[in-house]
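Observations on the three-dimensional arrangement
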Amino acid sequence: MADKMIKTIAVLTSGGDAPGMNAAIRGVVRKALTNGMKVMGIEKGYQGLLNGEIHEMTSKDVSDSIQKGGTILRTARSEEFATEEGKIKGAEILKSKGIDAVVVIGGDGSYKGALGLSHHGIAVVGIPGTIDLDIACTDYTIGFDTAINTAMDAIDKVRDTSSSHERCSIVEVMGRHAGYIALWCGVASGAEEILLPESYDYDEQHIINHIIEAKKIGKTHFLIVNAEGIGHSTSLARRIEAATGMETRATILGYMQRGGSPTCKDRFYATIMGAYAADLLRDGKFNRVVCHMNGEFCDYDIDEALAMKKSIPPYLEEVARSMSR
(Lines give C-alpha, C1' and ligand atoms only; values in the text may rest on other atoms or scores of the structure.)
Protein backbone atom coordinates (compact mmCIF):
# COMPACT_ATOMS: atom_id res chain seq x y z
CA MET A 1 0.00 0.00 0.00
CA ALA A 2 1.14 3.53 -0.65
CA ASP A 3 2.13 5.84 2.21
CA LYS A 4 0.75 8.83 0.33
CA MET A 5 -2.18 9.60 -1.91
CA ILE A 6 -1.36 9.56 -5.62
CA LYS A 7 -2.69 12.77 -7.11
CA THR A 8 -0.90 13.11 -10.46
CA ILE A 9 -0.12 10.27 -12.84
CA ALA A 10 1.50 10.08 -16.25
CA VAL A 11 0.98 7.61 -19.08
CA LEU A 12 3.39 6.58 -21.83
CA THR A 13 3.68 4.00 -24.59
CA SER A 14 7.01 2.30 -25.10
CA GLY A 15 8.65 -0.10 -27.54
CA GLY A 16 6.83 -1.33 -30.62
CA ASP A 17 3.40 0.14 -31.27
CA ALA A 18 0.36 -2.11 -31.11
CA PRO A 19 -3.24 -1.63 -32.23
CA GLY A 20 -5.32 -0.86 -29.14
CA MET A 21 -2.73 1.27 -27.37
CA ASN A 22 -4.94 4.31 -27.91
CA ALA A 23 -7.85 2.54 -26.26
CA ALA A 24 -5.59 1.81 -23.27
CA ILE A 25 -4.44 5.44 -23.08
CA ARG A 26 -8.07 6.55 -23.24
CA GLY A 27 -9.01 4.08 -20.50
CA VAL A 28 -6.25 5.36 -18.23
CA VAL A 29 -7.01 9.04 -18.82
CA ARG A 30 -10.77 8.95 -18.43
CA LYS A 31 -10.81 6.61 -15.42
CA ALA A 32 -8.07 8.57 -13.67
CA LEU A 33 -9.95 11.82 -14.25
CA THR A 34 -13.10 10.19 -12.88
CA ASN A 35 -11.03 9.16 -9.84
CA GLY A 36 -10.04 12.80 -9.26
CA MET A 37 -6.46 12.52 -10.49
CA LYS A 38 -4.52 14.82 -12.76
CA VAL A 39 -3.15 13.08 -15.85
CA MET A 40 -0.04 13.89 -17.84
CA GLY A 41 0.91 12.39 -21.19
CA ILE A 42 4.53 11.57 -21.99
CA GLU A 43 5.37 11.71 -25.70
CA LYS A 44 7.72 9.22 -27.41
CA GLY A 45 8.15 6.79 -24.54
CA TYR A 46 11.15 6.89 -22.24
CA GLN A 47 13.13 9.05 -24.66
CA GLY A 48 10.37 11.65 -24.54
CA LEU A 49 10.49 11.47 -20.75
CA LEU A 50 14.19 12.28 -20.77
CA ASN A 51 13.51 15.12 -23.20
CA GLY A 52 10.80 16.53 -20.94
CA GLU A 53 8.06 16.06 -23.57
CA ILE A 54 5.25 15.98 -21.01
CA HIS A 55 1.85 17.68 -21.15
CA GLU A 56 -1.43 17.58 -19.28
CA MET A 57 -4.20 15.41 -20.75
CA THR A 58 -7.93 16.01 -20.61
CA SER A 59 -10.86 13.85 -21.64
CA LYS A 60 -10.98 15.72 -24.94
CA ASP A 61 -7.38 14.76 -25.72
CA VAL A 62 -8.42 11.12 -26.07
CA SER A 63 -11.65 11.75 -27.99
CA ASP A 64 -11.90 10.07 -31.39
CA SER A 65 -8.85 7.91 -30.66
CA ILE A 66 -10.20 4.48 -29.73
CA GLN A 67 -10.56 3.37 -33.35
CA LYS A 68 -7.11 4.54 -34.45
CA GLY A 69 -4.07 2.33 -34.86
CA GLY A 70 -0.64 3.27 -33.54
CA THR A 71 -0.34 5.47 -30.47
CA ILE A 72 -1.36 9.11 -30.12
CA LEU A 73 1.47 9.54 -27.60
CA ARG A 74 3.91 8.06 -30.11
CA THR A 75 6.72 5.73 -29.10
CA ALA A 76 10.49 5.42 -29.40
CA ARG A 77 13.34 3.31 -28.08
CA SER A 78 15.90 4.92 -25.81
CA GLU A 79 19.46 3.75 -25.30
CA GLU A 80 19.98 6.52 -22.75
CA PHE A 81 17.13 5.35 -20.54
CA ALA A 82 18.55 1.81 -20.57
CA THR A 83 21.40 3.09 -18.39
CA GLU A 84 21.11 3.60 -14.63
CA GLU A 85 21.90 7.27 -15.12
CA GLY A 86 19.01 7.53 -17.56
CA LYS A 87 16.57 6.00 -15.10
CA ILE A 88 17.70 8.36 -12.35
CA LYS A 89 17.30 11.33 -14.70
CA GLY A 90 13.83 10.13 -15.71
CA ALA A 91 12.71 9.79 -12.09
CA GLU A 92 14.03 13.26 -11.26
CA ILE A 93 12.14 14.79 -14.18
CA LEU A 94 8.91 13.12 -13.07
CA LYS A 95 9.35 14.37 -9.51
CA SER A 96 10.08 17.89 -10.76
CA LYS A 97 6.73 17.82 -12.61
CA GLY A 98 4.87 16.67 -9.50
CA ILE A 99 4.12 13.25 -11.02
CA ASP A 100 3.60 10.54 -8.43
CA ALA A 101 3.11 7.52 -10.71
CA VAL A 102 3.50 6.35 -14.31
CA VAL A 103 1.38 3.91 -16.30
CA VAL A 104 3.59 2.19 -18.88
CA ILE A 105 1.97 0.51 -21.87
CA GLY A 106 4.37 -1.88 -23.60
CA GLY A 107 6.14 -5.22 -23.41
CA ASP A 108 8.72 -6.84 -21.14
CA GLY A 109 11.41 -4.30 -22.06
CA SER A 110 9.07 -1.47 -21.15
CA TYR A 111 8.30 -3.18 -17.83
CA LYS A 112 12.02 -3.35 -17.04
CA GLY A 113 12.19 0.40 -17.61
CA ALA A 114 9.22 0.89 -15.30
CA LEU A 115 10.88 -1.28 -12.67
CA GLY A 116 13.94 0.97 -12.89
CA LEU A 117 11.78 4.03 -12.19
CA SER A 118 10.24 2.27 -9.20
CA HIS A 119 13.71 1.84 -7.70
CA HIS A 120 14.00 5.62 -7.66
CA GLY A 121 10.74 6.45 -5.93
CA ILE A 122 8.20 6.48 -8.78
CA ALA A 123 5.09 4.32 -8.46
CA VAL A 124 4.45 2.34 -11.65
CA VAL A 125 1.79 0.16 -13.24
CA GLY A 126 2.38 -1.80 -16.44
CA ILE A 127 -0.18 -2.62 -19.14
CA PRO A 128 0.72 -5.38 -21.65
CA GLY A 129 0.92 -3.73 -25.07
CA THR A 130 2.61 -5.96 -27.66
CA ILE A 131 1.42 -7.84 -30.72
CA ASP A 132 3.69 -10.80 -29.86
CA LEU A 133 1.60 -12.24 -26.95
CA ASP A 134 4.90 -12.99 -25.21
CA ILE A 135 4.30 -11.63 -21.69
CA ALA A 136 4.13 -14.61 -19.37
CA CYS A 137 1.83 -13.20 -16.69
CA THR A 138 -1.11 -12.60 -19.03
CA ASP A 139 -3.17 -14.62 -21.49
CA TYR A 140 -3.79 -11.48 -23.56
CA THR A 141 -1.65 -8.62 -24.81
CA ILE A 142 -3.00 -5.50 -26.50
CA GLY A 143 -2.63 -5.66 -30.28
CA PHE A 144 -2.33 -9.42 -30.73
CA ASP A 145 -5.88 -9.94 -31.96
CA THR A 146 -5.64 -7.19 -34.56
CA ALA A 147 -2.20 -8.34 -35.72
CA ILE A 148 -3.23 -11.96 -36.28
CA ASN A 149 -6.35 -10.92 -38.17
CA THR A 150 -4.31 -8.56 -40.35
CA ALA A 151 -1.76 -11.30 -41.04
CA MET A 152 -4.39 -13.98 -41.63
CA ASP A 153 -6.16 -11.81 -44.20
CA ALA A 154 -2.87 -11.25 -46.03
CA ILE A 155 -1.99 -14.95 -45.91
CA ASP A 156 -5.38 -15.88 -47.36
CA LYS A 157 -4.72 -13.54 -50.29
CA VAL A 158 -1.25 -14.98 -50.85
CA ARG A 159 -2.71 -18.47 -50.79
CA ASP A 160 -5.24 -17.54 -53.47
CA THR A 161 -2.50 -16.60 -55.91
CA SER A 162 -0.29 -19.48 -54.78
CA SER A 163 -3.08 -21.89 -55.64
CA SER A 164 -3.62 -20.26 -59.04
CA HIS A 165 0.06 -20.58 -59.96
CA GLU A 166 0.63 -23.95 -58.24
CA ARG A 167 3.38 -22.48 -56.08
CA CYS A 168 4.88 -22.98 -52.69
CA SER A 169 4.50 -19.75 -50.69
CA ILE A 170 6.49 -18.80 -47.61
CA VAL A 171 4.82 -16.03 -45.63
CA GLU A 172 6.94 -14.46 -42.90
CA VAL A 173 5.06 -12.94 -39.97
CA MET A 174 6.32 -10.94 -37.00
CA GLY A 175 7.62 -12.50 -33.80
CA ARG A 176 11.33 -12.32 -33.07
CA HIS A 177 11.41 -14.56 -30.01
CA ALA A 178 7.80 -15.72 -29.83
CA GLY A 179 5.93 -17.77 -32.39
CA TYR A 180 2.36 -17.04 -31.33
CA ILE A 181 1.50 -14.99 -34.42
CA ALA A 182 2.93 -17.68 -36.69
CA LEU A 183 1.16 -20.47 -34.78
CA TRP A 184 -2.26 -18.83 -34.75
CA CYS A 185 -2.08 -17.64 -38.36
CA GLY A 186 -0.63 -20.91 -39.57
CA VAL A 187 -3.39 -22.99 -38.02
CA ALA A 188 -6.11 -20.53 -39.04
CA SER A 189 -4.83 -20.37 -42.64
CA GLY A 190 -4.35 -24.11 -43.08
CA ALA A 191 -0.59 -23.91 -43.51
CA GLU A 192 1.27 -27.11 -44.34
CA GLU A 193 4.32 -26.01 -42.30
CA ILE A 194 4.58 -23.57 -39.37
CA LEU A 195 8.10 -22.57 -38.35
CA LEU A 196 8.33 -21.37 -34.73
CA PRO A 197 11.38 -19.89 -32.95
CA GLU A 198 10.58 -22.02 -29.91
CA SER A 199 10.89 -25.34 -31.69
CA TYR A 200 12.17 -25.14 -35.28
CA ASP A 201 15.16 -27.46 -35.72
CA TYR A 202 16.25 -26.07 -39.14
CA ASP A 203 15.68 -29.46 -40.75
CA GLU A 204 14.97 -28.19 -44.26
CA GLN A 205 15.03 -31.70 -45.66
CA HIS A 206 11.89 -32.46 -43.64
CA ILE A 207 10.11 -29.55 -45.33
CA ILE A 208 11.37 -30.64 -48.77
CA ASN A 209 10.20 -34.21 -48.18
CA HIS A 210 6.82 -32.94 -47.02
CA ILE A 211 6.37 -30.95 -50.24
CA ILE A 212 7.44 -33.88 -52.42
CA GLU A 213 5.03 -36.24 -50.66
CA ALA A 214 2.21 -33.68 -50.92
CA LYS A 215 2.79 -33.39 -54.69
CA LYS A 216 2.60 -37.18 -55.03
CA ILE A 217 -0.92 -37.23 -53.60
CA GLY A 218 -2.04 -34.46 -55.92
CA LYS A 219 -1.50 -31.31 -53.87
CA THR A 220 -0.74 -28.43 -56.23
CA HIS A 221 0.30 -25.69 -53.81
CA PHE A 222 1.97 -25.48 -50.43
CA LEU A 223 1.92 -22.82 -47.66
CA ILE A 224 4.65 -22.24 -45.09
CA VAL A 225 4.15 -19.67 -42.31
CA ASN A 226 7.54 -18.58 -40.98
CA ALA A 227 8.19 -16.52 -37.86
CA GLU A 228 10.40 -13.44 -38.05
CA GLY A 229 12.71 -14.92 -35.43
CA ILE A 230 13.71 -17.62 -37.92
CA GLY A 231 13.69 -15.33 -40.95
CA HIS A 232 15.70 -15.92 -44.14
CA SER A 233 12.47 -16.62 -45.99
CA THR A 234 13.79 -15.53 -49.40
CA SER A 235 16.87 -17.77 -49.29
CA LEU A 236 14.77 -20.63 -47.93
CA ALA A 237 12.41 -20.20 -50.90
CA ARG A 238 15.32 -20.51 -53.34
CA ARG A 239 16.55 -23.70 -51.71
CA ILE A 240 13.08 -25.28 -51.64
CA GLU A 241 12.50 -24.46 -55.31
CA ALA A 242 15.85 -25.96 -56.28
CA ALA A 243 15.19 -29.15 -54.31
CA THR A 244 11.54 -29.73 -55.25
CA GLY A 245 11.09 -28.13 -58.65
CA MET A 246 8.05 -26.29 -57.31
CA GLU A 247 8.08 -22.54 -57.94
CA THR A 248 8.50 -20.97 -54.50
CA ARG A 249 8.01 -17.35 -53.46
CA ALA A 250 8.55 -15.55 -50.15
CA THR A 251 6.33 -12.76 -48.82
CA ILE A 252 7.43 -10.79 -45.76
CA LEU A 253 4.44 -9.04 -44.19
CA GLY A 254 6.53 -6.77 -41.96
CA TYR A 255 5.18 -3.70 -40.19
CA MET A 256 1.73 -3.84 -41.75
CA GLN A 257 0.94 -6.19 -38.85
CA ARG A 258 1.45 -3.37 -36.35
CA GLY A 259 -0.93 -0.97 -38.07
CA GLY A 260 -4.62 -0.67 -38.73
CA SER A 261 -7.75 -0.03 -36.75
CA PRO A 262 -7.89 -2.33 -33.68
CA THR A 263 -10.46 -5.10 -33.48
CA CYS A 264 -13.37 -4.93 -31.05
CA LYS A 265 -11.54 -7.31 -28.70
CA ASP A 266 -8.40 -5.16 -28.64
CA ARG A 267 -10.44 -2.01 -28.02
CA PHE A 268 -12.48 -3.57 -25.24
CA TYR A 269 -9.68 -5.36 -23.40
CA ALA A 270 -7.35 -2.37 -23.69
CA THR A 271 -10.01 -0.04 -22.31
CA ILE A 272 -10.63 -2.27 -19.29
CA MET A 273 -6.89 -2.68 -18.67
CA GLY A 274 -6.36 1.08 -18.82
CA ALA A 275 -9.18 1.70 -16.36
CA TYR A 276 -7.87 -1.09 -14.11
CA ALA A 277 -4.44 0.56 -14.00
CA ALA A 278 -5.96 3.89 -12.96
CA ASP A 279 -7.98 2.16 -10.24
CA LEU A 280 -4.90 0.38 -8.87
CA LEU A 281 -3.22 3.75 -8.39
CA ARG A 282 -6.37 5.24 -6.89
CA ASP A 283 -6.33 2.41 -4.34
CA GLY A 284 -2.66 3.01 -3.50
CA LYS A 285 -1.45 -0.14 -5.25
CA PHE A 286 1.61 0.21 -7.42
CA ASN A 287 4.58 -1.61 -8.93
CA ARG A 288 1.98 -3.91 -10.46
CA VAL A 289 1.28 -5.29 -13.93
CA VAL A 290 -2.28 -5.50 -15.25
CA CYS A 291 -3.12 -8.94 -16.66
CA HIS A 292 -5.91 -11.08 -18.04
CA MET A 293 -5.71 -14.65 -16.77
CA ASN A 294 -8.29 -17.44 -16.83
CA GLY A 295 -11.00 -15.10 -18.05
CA GLU A 296 -10.46 -12.45 -15.36
CA PHE A 297 -8.66 -9.11 -15.21
CA CYS A 298 -6.10 -9.15 -12.42
CA ASP A 299 -2.66 -7.84 -11.47
CA TYR A 300 0.76 -9.16 -10.47
CA ASP A 301 3.76 -7.71 -8.71
CA ILE A 302 6.07 -6.39 -11.43
CA ASP A 303 9.10 -8.35 -10.17
CA GLU A 304 7.05 -11.54 -10.13
CA ALA A 305 5.72 -10.82 -13.61
CA LEU A 306 9.18 -10.26 -15.09
CA ALA A 307 10.45 -13.51 -13.54
CA MET A 308 7.77 -15.60 -15.27
CA LYS A 309 8.59 -17.56 -18.41
CA LYS A 310 6.23 -18.31 -21.29
CA SER A 311 6.34 -21.08 -23.85
CA ILE A 312 3.96 -22.48 -26.45
CA PRO A 313 2.10 -25.48 -24.99
CA PRO A 314 3.29 -28.68 -26.70
CA TYR A 315 -0.30 -29.75 -27.38
CA LEU A 316 -0.90 -26.70 -29.57
CA GLU A 317 2.16 -27.57 -31.64
CA GLU A 318 1.03 -31.20 -31.88
CA VAL A 319 -2.39 -30.13 -33.15
CA ALA A 320 -0.77 -27.76 -35.68
CA ARG A 321 1.33 -30.64 -37.03
CA SER A 322 -1.64 -32.97 -37.28
CA MET A 323 -3.64 -30.38 -39.23
CA SER A 324 -0.93 -30.17 -41.91
CA ARG A 325 -1.02 -33.85 -42.88
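Now for a description of the structure that goes with this document. No experiment lies behind these values; they were computed from the predicted model shown.

1. So, the state of the cysteines
- For the structure shown, the criterion picks out zero disulfides.
- Residue Cys137 stays outside any disulfide, its sulfur separated by 3.4 Å from that of Cys291, the closest cysteine.

2. Section: the sheet that holds strand β1 (residues 8-13)
- Strand order across the open sheet formed by seven strands is β3-β2-β1-β4-β5-β10-β11, with mixed pairing between neighbours. Single-partner strands in this sheet number two, and they are β3 (54-56) and β11 (296-301). The average undirected angle you get between the axes of adjacent strands in this sheet is 25 degrees.
- As paired strands, β1 and strand β2 (residues 38-42) are joined by four bridges and run parallel to one another.

3. Quick look at the packing of aromatic side chains
- Counted according to the given criterion, the structure contains six aromatic pairs.
- Judged by centre distance (4.6 Å) and plane angle (55 degrees), the rings of Tyr140 and Tyr269 are tilted. Pair noted here: Tyr140 is in the loop between β5 (123-128) and α5 (144-165) and Tyr269 is in helix α9 (residues 264-282), with a separation of 129 residues, a long-range link. Considered together, Tyr140 and Tyr269 belong to a single accessibility category, that of buried residues.
- Each residue in the set Tyr140, Phe268, Tyr269 and Phe297 is aromatic and connected to the rest through ring pairs, giving one cluster.
- The positively charged end of Lys87 is found above the aromatic ring belonging to Phe81, 5.4 Å away from the centroid.
- Across the ring face of Tyr269, the terminal group of Lys265 is positioned such that the distance to the ring centre comes to 5.3 Å.

4. Some words on the sheet that holds strand β9 (residues 248-252)
- One open sheet accounts for four strands, arranged β7-β8-β6-β9; its pairing is parallel. Each of the sheet's edge strands pairs with one partner strand only, and the pair in question is β7 (193-195) and β9. Along the sheet, successive strands turn relative to each other by an average axial angle of 15 degrees, direction set aside.
- Here strand β6 (residues 168-173) pairs with β9 via five bridges, running parallel. Bridged to Val171 within β9 is Thr251.
- Most of the contacts of helix α8 (residues 233-244) go to β9, to which it runs at about 170 degrees, and overall it touches β6, β7, β8 (222-227) and β9.

5. So, the pattern of salt bridges
- Within the structure shown, the criterion is met by 15 salt bridges.
- Between Glu247 and Arg167 there is a salt bridge, with its nearest N and O atoms 3.3 Å apart. One end of the pair, Glu247, is in the loop between α8 and β9; the other, Arg167, is in the loop between α5 and β6, with 80 residues separating them in the sequence.
- With relative accessibility at 28%, the residue Glu247 sits in the partly exposed group.

Definitions and cut-offs
- Residues numbered from 1 in each chain as written.
- Predicted model: local features only at pLDDT ≥ 70, side-chain atom pairs only at ≥ 80, totals over all residues.
- Heavy atoms only, no water.
- Disulfide = S-S within 2.5 Å.
- Pairing = 2+ DSSP bridges.
- Helix = DSSP H or I, 4+ residues; strand = E, 2+ residues; numbered from the N terminus.
- Axes fitted to C-alpha atoms, helices over the stretch in contact; angles between N-to-C directions.
- Phe/Tyr/Trp six-rings, centres within 6.5 Å; stacked < 30°, edge-to-face > 60°.
- Buried < 20%, exposed > 50% of the residue type's maximum accessible area, 1.4 Å probe, protein only.
- Lys NZ or Arg CZ within 6 Å of the ring centre and 35° of its normal.
- Contact = heavy atoms within 4.5 Å.
- Salt bridge = Lys/Arg side-chain N within 4 Å of Asp/Glu carboxyl O.

Shape is all these values report; function is a separate question.
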